[in-house]
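The lines below spell out each chain.
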Amino acid sequence: MAGRVFVPAEDVQTFVEEARATSYPIAVANPGNMMISFCVEDAATGTVTVLEQWASQEALDRHVATPEVTALLTKWGPRIRNEVRRFHADETDPRA
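This is a predicted model, so every value here is computed, not measured.

K.L.:
Go over the packing of aromatic side chains, please, and point to the residues and values.
P.N.:
Throughout the structure, instances matching the rule amount to two aromatic pairs. Ring geometry for Phe15 and Trp76: centres 5.2 Å apart, planes at 75 degrees, overall edge-to-face. One end of the pair, Phe15, is in helix 1 (residues 12-29); the other, Trp76, is in helix 3 (residues 67-76), and 61 residues separate them in sequence. A relative accessible area of 5% means that Phe15 is categorised as buried. Note on Tyr24 and Phe38: the rings are 6.1 Å apart at their centroids and 25 degrees apart in plane angle, and the pair reads as stacked.

Structural data, given as structure tokens:
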């Protein structure tokens, strides 16, 4: 998964702090997580870069289904614009 989340500029630091505090420990505990990163790209515009790599859709589904991540998405969902996209790279495909 890769993309950007747009948060009201006055809330961008709080969003990133909460996203990291919630998602990072849960992702690390999930054996299907290979990478997760949230960083402020542009504080003035409230732009946050999101990068996640998961071993499978099932691992991602487990992550999103945790009560903590669900609560984070419920809290911030109405206040953000999400332009994060899912990609599938197949290591057997020479184009990957």
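K.L.:
Tell me what's going on with the nonpolar core, and back it up with residues and numbers.
P.N.:
In terms of nonpolar packing, the biggest core is built from 17 residues, with Val5, Val7, Phe15, Phe38, Val48 and Val50 touching the most fellow members. Sorting the residues of this core by element identifies helix 1, strand 2 (33-42), strand 3 (47-54), helix 2 (57-65) and helix 3 as the ones contributing at least two each. Those residues in contact with Val7 that lie beyond four places of it in its chain are Val12, Phe15, Thr45, Gly46, Val48, Trp76, Arg79 and Ile80.

Here is what the cut-offs are and how they apply
One numbering rule holds for all chains: residues counted from 1, following each sequence as written. In view of the model being predicted, local features appear only for residues whose pLDDT reaches at least 70, and side-chain atom pairs are presented and counted only at 80 or more, with totals across whole chains, interfaces and linings using the full set of residues. As a rule here, side-chain values come from all non-hydrogen atoms in the structure, and water together with hydrogens is ignored. Any pair of Phe, Tyr and Trp rings, taking the six-membered ring for Trp, is counted once the centres come within 6.5 Å. Such a pair is stacked with planes under 30 degrees apart, edge-to-face with planes over 60 apart, and tilted for the rest. Each helix corresponds to a stretch of at least 4 residues labelled H or I by DSSP, and each strand to a stretch of at least 2 residues labelled E; elements are numbered beginning at the N terminus. For the exposure calls, accessible area comes from a 1.4 Å probe over protein chains only, and a residue counts as buried if that area is under 20% of its type's maximum, exposed if over 50%, partly exposed in between. The set of buried Ala, Val, Leu, Ile, Met, Phe, Trp, Tyr and Cys residues whose side-chain atoms join them within 4.5 Å is what this entry labels a nonpolar core. Two residues form a contact once any of their heavy atoms are found within 4.5 Å.

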